[in-house]
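Residue strings, one per chain:
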Amino acid sequence: MSSSPTETVVDVTMPQMGVSVAEGTVVAWRVAVGDPIAADETICEISTDKIDTEVPAPVSGVVSEILVPVETTVEVGTVLARIATGAGAAAAKPADAPAPATAAEPPVEALPGPNGARARQANGNRRYSPVVQRIAAEHGVDLSQVPGTGRGGRVRKQDVLAFLEGGGGREAAEAPLHIESPYRPEPAPAVGSGQLSRMRRQIGEHMKRSLETSATCTTWIEVDMSRVEAARRRLGVTALAFVARATIDALREHPSLNAWLEGERYTQHPGVNLGIAVSLGDDGLIVPVIHDAHELSVEGLAARIRDLATRARARQLTPDEVRDGTFTITNPGQYGSIMATPIINQPQVGILDFEAVVKRPVVVTDADGSDSIAIRPVTILGLSWDHRALDGALSAQFLASVKRHLEGVVASGS
Amino acid sequence: MATRIAEPATGGPSAASAHLQPEDRVELLRAMLLMRGLEERAMTLYRQGKVPGSFYDGYGQEAVSAGAAFAMGPRDRLCILHRDLAAHLIRGVTPARVLGQYLGRETGVTRGRDGNVHFGDWRLGCVGMVSMLPDMMLVATGMAMAFKLRGEARCAITWFGDGSTSRGDFHEAMNWAGVQRLPVIFVLENNQYAYSTPLDKQFAVDPVQRAAAYGFAGVTVDGNDVEAVFEATRAARQRALAGEGPTLIEAVTMRMHGHAAHDDMKYVPKEQVEEWRKRDPIDRQSARLSELGVDVEAVRAAVAAEIDAATEEALAAPMPDPADAASGVFCEGEAEPLGDGRAPWSGFAQEPGGEA
Amino acid sequence: MATMTYLQAISSALRDELRADERVIVMGEDIGVFGGAFKVTDGFIEEFGPDRVMDTPLAESAIIGTAVGAAVVGLRPVCEMQFSDFISCGFDQLVNVAGKMHYRQGLAVPITVRLPSGGGFSGGPFHSQNPEAWFMHAPGIKVVAPSTAHDAKGLLHSAIHDPNPVCFMEHKHLYRRVKGEVPDGVYETPFTARVARPGRDLVVIAYGAMVEVALEATADLDGAAVEVLDLRSLVPLDEAAILDSVERCSKVVIVDEANATCAAGAQVAAVIAQHGFESLDGPVVRVATPDVPIPFSPPLEQAVLPSVDRVREACRELLAY
């Protein structure tokens, strides 16, 4: 039923004239489309196998549709006609009854608990009753080891209980050290067992959620870090600072990666708040954010990174310092790993992974176009990006920009 | 005891109305108009697909319930049948609740648990009927049994149709009531048909004659003269309270509509319908009141307005919550007995206890 | 405390109720002057008068129907069907008027219907029935079935106090054959099951006269520890107690004196199959009277009613499974 502020259309349906009646036939229409009609005035005549009768209009208004022609038989409830009522109709009838609620379903009986779904252990033709299986599962009993005294040799509840009392179950599975010795080795306590720490669980939740949210892809690029190496030795800063600066520049050129995607809402940010992942050892990791990182030079970035990392490890970060990042760099350290598939820091759309810088033989082309082999410090930068927000081509272009900036670092450091 | 057969009245102010004040007569008309108007409205709603199930009415026999119920005191108890809506209305059930009941709403008297006229507001002293007829004759007999046991000046009344007298419970109730001389009034609504079955297929002896066989009074009355029905019931109640036992009142009337909305009563000869149309109880009471100078149109208009308001209220009421469907099978607290109902007859106002 | 028979316990309950509550009346055929077909109400009319100890016409439908009427105006009628078999004549009033009244109309019907049931003494097809399943199946009616003198009195008090229609299945065969300790005065037995004998290896679930049969059949059964659970209340059915016994014993034999199909035991078996599945170490076994009218001649009757031997054999077989 359509409704607008000024007009409501009401259905006229085939009534049920008696509990067993299922259909009716329209015998005559008393109106035509466009005719006015008053509430309770007869709109049509019908015939059922119990009675012939008239159908009164449910509301006053104008007949807007006649859907069932004369001599047509339809099921009870079928819409026969429609009446359009104006909102200001003087004889407006009260609103139709709310749709009858569907009949209440009888309460569904709950099936037995999780144990109920356990498959029957069959060993050849041996079958085990529900209670026997349950006891066996609870105590780690291998039922094929249990002698059965029931009919046909079946294992009865008493049999598995007797088996347990006689020392069956998990203890029996461990062979004695010496066949005549009653000695049983003590089970060694597991190291590091127990529950995960709260931080670990939260990190886990965030990572899981990120993978479930983003369409995560990873693209890699090789970068010749010789110039960065030269410049950083001179400046006394980490390579990470150069990667950070190059990333910022690339984000300026490809602003669609400096963005948030929250559900369907995509927001590009004008400035770069750069998150740097900091390891907290066994406890996990945290991502402090350098706000307005685009305003900082390489040295400035290096100083901020150093400061944030120190305070992060000392658990001295303020809440503002871990918020509002627009892009993240992760740099796990110089352990020798060369590539990774980092997980995007929601709700960002990209994360850059900076692994080890390793000396490799590479092909260099001189000004004349001649190729030779040189030893260069090389790193592979990995960009995980959200395919909902961008495509592979753009990610590749972004990485190319980062590469270009890093390989174009002037020896003086800018 | 001899069976007394009253002469059926044919119209005009009747001598049987000596116990009625003018306002009583108006109230009787009002009750009949309200019953007819509500049933007509409900029939319309039924044809509009808003009333689930079946629909039954008492068109043309409104006097039988209006007249008889009007003679019942506040502490009396009633087992009301499906063509006796006026009895519920006199007792105090509001029109909005009646329509809510037909519509199956939460505000209906049974909150959607039972349909159409299968209701009785127990707080007003009415017991809701069952479909097996005339089961309620036994319930009324039992209520009367309790009154007699406790020595109370109260009576019970039940209505039932001509067809139901063929079933065993009719006999068991009549017999029990006769043996124990109970203060119960059995109102036999002889409306000529039980569904499509006419009287001559239902009994070989007029039921009113059987009353003598069970040891008590049987009276025939013009079922379309509301004041005659009232008078017969009032007299029966007097007899009951005086310890003279039950009365079988045969109210002769005609079922002017089909058995239910889905029955077009083709089996009824048209002449029979026409004959009875001339004896319409509302027309007759209206004529009577007009002669007394009552503004009958004003009464009609007031009733029509009441029905319109009730319709609006009932249509706006919610359906019952499906989550409740299986609740209330058992009483979990204390069993409360039936309560007292409205008894507008001026005769009840005279006595300090409200009893005539 | 006093030792009395099952029948005396029922009389005691009725007498105590008539004394304590002026709303209570007892009504039935031949219960007044004659004292009742089984003498349950012997001496009552002298103490309480003919109004409250009412000799009714021979009319079961009317007995139930008028009881409903009396109950809704404040009395507490206790009807007697002379034999439970005759409840079929009052079926309509009990199921359609009494049972459905509260759900439909919110009106409580506090009646008690005493039903002397059961066979074992050549009563024949119309004086030996156990019709409780018909009323377990009707919404709005409670059904109780004591097996001991103690419970006969306590359950009858509870039934009369209950604001709903209650069918009280008193087993004729237990009237004089069962004796027990019964507290003085009014007390209530709850509508729950009772462990008649605790056990571990198997549980026999029974009610009414079959409890004694179960106890006897399993008293000395190859050293097995057999539990006997006396249901006592059929509506409401004590599912928690049933499942608890099944959990501990894992093997179940259910005994019905009633005809097997759709007897109370069938409902118990369904409850166990659905909610006690994990505890089972064998199929749910039923021992019941076959679907025959109860025969008159002793060898025929004994052949159909569950006997001590039949119950014992069923238990033995299941124990060995």
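Keep in mind the model is a prediction, meaning the values are calculated, not measured.

A.B. asks: Please clarify how the overall build of chain C should be interpreted in this entry.
C.D. replies: If you tally the helices and strands in chain C, you get eleven helices and 14 strands. The proportion of buried residues among the 321 residues of chain C is 62%. Restricting the contact set of chain C to residue pairs at least 6 apart, pairs at least 24 apart contribute 79%.

A.B. asks: Honestly, the overall build of chain B in this entry has me stumped. Any pointers?
C.D. replies: Check the secondary structure of chain B and you find twelve helices and eight strands. Looking at chain B residue by residue over its 356 residues, the buried ones come to 58%. Across chain B, contacts joining residues at least 24 apart in sequence account for 79% of those joining residues at least 6 apart.

A.B. asks: Which parts of the structure should I look at to understand the sheet that holds strand β13 (residues 252-259) of chain C?
C.D. replies: Strands in a sheet are paired, the pairing made by backbone hydrogen bonds, and the direction either parallel or antiparallel. Residue and element names in this part refer to chain C. Strand order across the open sheet formed by five strands is β9-β11-β10-β13-β14, with mixed pairing between neighbours. Edge positions in the open sheet fall to β9 (194-197) and β14 (285-289), since each of these has one partner strand only. Sheet twist, expressed as the mean angle between neighbouring strand axes with direction ignored, is 25°. Two elements, β13 and β14, share five bridges in a ladder whose sense is parallel. Residue Val253 lies in a different strand from β14, and its bridge partner there is Val285. Contacts from helix α9 (residues 264-275) reach β10 (202-206), β13 and β14 within the one sheet, and its direction differs from that of β13 by about 155°.

A.B. asks: Honestly, the nonpolar core in this entry has me stumped. Any pointers?
C.D. replies: In summary, soluble globular proteins display a tendency toward joint burial of nonpolar side chains. Judged by nonpolar contacts, the single largest core of 229 residues is most densely connected at Met32, Ala66 and Ile249 of chain B together with Val204 and Val253 of chain C. Residues Val272, Ile305, Ala389 and Leu390 of chain A belong to the second largest nonpolar core, which totals 50 residues.

A.B. asks: Can you help me understand the interface of chain C and chain B in this one?
C.D. replies: Accessible area lost during the coming together of the parts is what is often quoted as the interface size. Counting residues at the interface gives 31 residues for chain C, matched by 37 residues for chain B. At the level of elements, α3 (60-72) and α4 (91-105) of chain C are the ones that each hand at least two residues to the side of chain C that touches chain B. When the residues that make up the side of chain C that touches chain B are grouped by side-chain class, the tally is 16 nonpolar, twelve polar and three charged.

A.B. asks: Would you mind going over the sheet that holds strand β5 (residues 52-56) of chain A with me for this structure?
C.D. replies: Residues and elements named next belong to chain A. Spatially, β5-β4-β2-β7 is the arrangement adopted by the four strands of the open sheet, whose pairing is antiparallel. Each end of this open sheet is capped by a strand with a single partner; those strands are β5 and β7 (73-75). Here the strands of the sheet are splayed against their neighbours by 40° on average, with no regard to which way each runs. Both strand β2 (residues 23-29) and β7 contribute to a ladder of three bridges, which runs antiparallel.

A.B. asks: Is there a simple way to think about the environment of Ser337 of chain A in this case?
C.D. replies: Checked against the element boundaries, Ser337 of chain A lands in the loop between β16 (327-330) and β17 (350-354). Sequence spacing of Ser337 of chain A and Ile380 of chain A is 43 residues, and the spatial spacing of their C-alpha atoms is 9.9 Å.

A.B. asks: Teacher, can you tell me more about helix α1 (residues 130-139) of chain A here?
C.D. replies: Note on helix geometry: an α-helix contains 3.6 residues per turn, so any two residues three or four positions apart are oriented the same way. Residues and elements named next belong to chain A. Listed as buried for α1 are Pro130, Val131, Val132, Gln133, Ile135 and Ala136. Along its buried surface, α1 packs onto α2 (157-165). Trailing α1 by a residue or two, Gly140 shows a phi angle of about 65°, which is positive.

A.B. asks: Help me out: how do you make sense of the packing of helix α6 (residues 239-253) of chain A against helix α7 (residues 298-313) of chain A in this one?
C.D. replies: Helices that pack against each other are described as a pair by the angle of their axes relative to one another and the distance between those axes. All names here are of chain A. α7 packs onto α6 with a crossing angle of 120° between their chain directions and a minimal axis gap of 8 Å. Considering their axes alone, α6 and α7 lie oblique with respect to each other. Judged by the twist between their axes, the crossing of α6 over α7 is right-handed. Judged by residue contacts, Leu240, Ala241, Phe242, Ala244 and Arg245 of α6 engage Val298, Leu301, Ala302 and Ile305 from α7. Counted by class, the contact of α6 with α7 contains eight nonpolar, no polar and one charged residues.

A.B. asks: Sorry if this is basic, but what is going on with the environment of Leu308 of chain A here?
C.D. replies: Residues and elements named next belong to chain A. With respect to the secondary-structure elements, Leu308 resides in helix α7. Residue class for Leu308 comes out buried when judged on the 22 C-beta atoms lying within 10 Å of it. Other than its neighbours up to four places away in sequence, Leu308 contacts Ile276, Val278, Pro288, Ile290 and Glu321.

A.B. asks: I would appreciate a short explanation of unusual backbone geometry in the present structure.
C.D. replies: A cis geometry characterises the amide bond from Leu133 of chain B onward to Pro134 of chain B, with omega recorded as -5°. By the element assignment, Pro134 of chain B lies in the loop between β2 (126-127) and α5 (135-150). Residues Val235 of chain C and Pro236 of chain C are joined by a peptide bond in cis, for which omega reads 0°. Tracing the sequence through the fold places Pro236 of chain C in the loop between β12 (233-235) and α8 (239-249).

A.B. asks: Is there a simple way to explain the packing of helix α4 (residues 95-102) of chain B against helix α11 (residues 296-315) of chain B in this structure?
C.D. replies: All names here are of chain B. At their nearest, the axes of α4 and α11 sit 8 Å apart, and the two run at 45° to each other. Accordingly, the angle class assigned to the pair α4 and α11 is oblique. Considering only the axes of α4 and α11, their crossing is right-handed. Across from Pro95, Ala96, Leu99 and Gly100 in α4, the residues of α11 making contact are Glu306, Ile307, Ala310, Thr311, Glu313 and Ala314.

A.B. asks: Which parts of the structure should I look at to understand α2 of chain A?
C.D. replies: All names here are of chain A. Residues of α2 that are buried: Lys157, Val160, Phe163 and Leu164. Down the axis of α2, the buried side of the element spans an arc of 130°, and every buried residue falls inside it. For α2, the elements touching its buried residues are α1. Gly167 lies just past α2 and shows a positive phi near 95°.

A.B. asks: When you look at the environment of Asp42 of chain C in this model, what are you seeing that I'm missing?
C.D. replies: Residue and element names in this part refer to chain C. Mapped onto the elements of the fold, Asp42 is located in the loop between β2 (24-28) and α2 (44-48). When the 14 C-beta atoms within 10 Å are taken as the criterion, Asp42 is described as partly exposed. Spatially, the C-alpha atoms of Asp42 and Gly32 are 7.7 Å apart, while their sequence positions differ by ten residues. Sequence-distant contacts of Asp42, defined by excluding residues within four places in its chain, comprise Gly35 and Gly36.

A.B. asks: What exactly am I supposed to notice about the pairing of strand β7 (residues 217-222) of chain B here?
C.D. replies: In the case of a regular strand, side chains alternate between the two sheet surfaces. Residue and element names in this part refer to chain B. Across the six residues that make up β7, a large majority, six, are buried. Side chains Ala217, Val219 and Val221 project from β7 onto one buried face, and the interleaved Gly218, Thr220 and Asp222 project onto a second face that is buried too. Summarising the sheet, β7 and strand β8 (residues 247-252) pair through six bridges and their orientation is parallel. Within β8, the residue paired with Ala217 across the bridge is Thr247. In terms of handedness, the path from β7 via helix α8 (residues 226-241) over to β8 forms a crossover that is right-handed.

A.B. asks: What exactly am I supposed to notice about the confidence of the model for chain C here?
C.D. replies: Confidence in the prediction for chain C averages 96 pLDDT; 100% of positions are at 70 or higher. In the predicted assembly, ipTM is 0.88 and pTM is 0.69.

A.B. asks: Sorry, what's going on with the confidence of the model for chain B here?
C.D. replies: Atomic detail in the predicted coordinates should be set aside for any region of low pLDDT. Across chain B, the average pLDDT comes to 92, with 93% of residues at 70 or higher. Long-range and interchain partners of residues 1-13 of chain B, a stretch whose pLDDT sits below 50, account for 25 contacts in this model, where long-range means more than four residues apart.

The rules behind each value
- Every chain is numbered independently, its residues counted from 1 as its sequence is written.
- Think of it this way: whatever chain is written first is A, whatever ligand is written first is 1, and the rest follow in order.
- Selection of residues for local features in this predicted model requires a pLDDT of at least 70, selection of side-chain atom pairs for listing and counting requires 80 or more, and totals for whole chains, interfaces and linings are taken over all residues.
- Helix and strand assignments follow DSSP, with helices taken as H or I runs no shorter than four residues and strands as E runs no shorter than two, numbered in order from the N terminus.
- Counting other C-beta atoms within 10 Å of its own, a residue is labelled buried from 20 upward, exposed at 12 or fewer, and partly exposed in the gap between, with every C-beta atom placed from the backbone.
- Here contacts are defined at the residue level, using C-beta atoms placed from the backbone and a cut-off of 7 Å between them.
- Only when DSSP finds a minimum of two bridges between them are two strands counted as paired.
- Simply put, an axis is a line fit to the C-alpha atoms, just over the touching stretch for a helix, and the angle between two N-to-C directions goes from 0 to 180 degrees.
- Each nonpolar core consists of buried Ala, Val, Leu, Ile, Met, Phe, Trp, Tyr and Cys residues. Their C-beta atoms, within 7 Å, join them into a set.
- Polar here means any residue outside two lists: the nonpolar Ala, Val, Leu, Ile, Met, Phe, Trp, Tyr, Cys and Pro, and the charged Asp, Glu, Lys and Arg; Gly therefore counts as polar.
- Each angle receives one of four descriptions, namely roughly parallel if under 35 degrees, roughly antiparallel if over 145, roughly perpendicular if within 65 to 115, and oblique otherwise.
- Left-handed describes a crossing in which the near helix is turned anticlockwise from the far one by less than a right angle; the clockwise case is right-handed.
- Throughout, the arc means that of the directions going from the helix axis to the C-beta atoms.
- Crossovers are marked right-handed if the path from the first strand over the helix to the second runs clockwise, as seen with the strands pointing away from the viewer.
- Scored from 0 to 100, pLDDT reflects the predictor's confidence in each residue.

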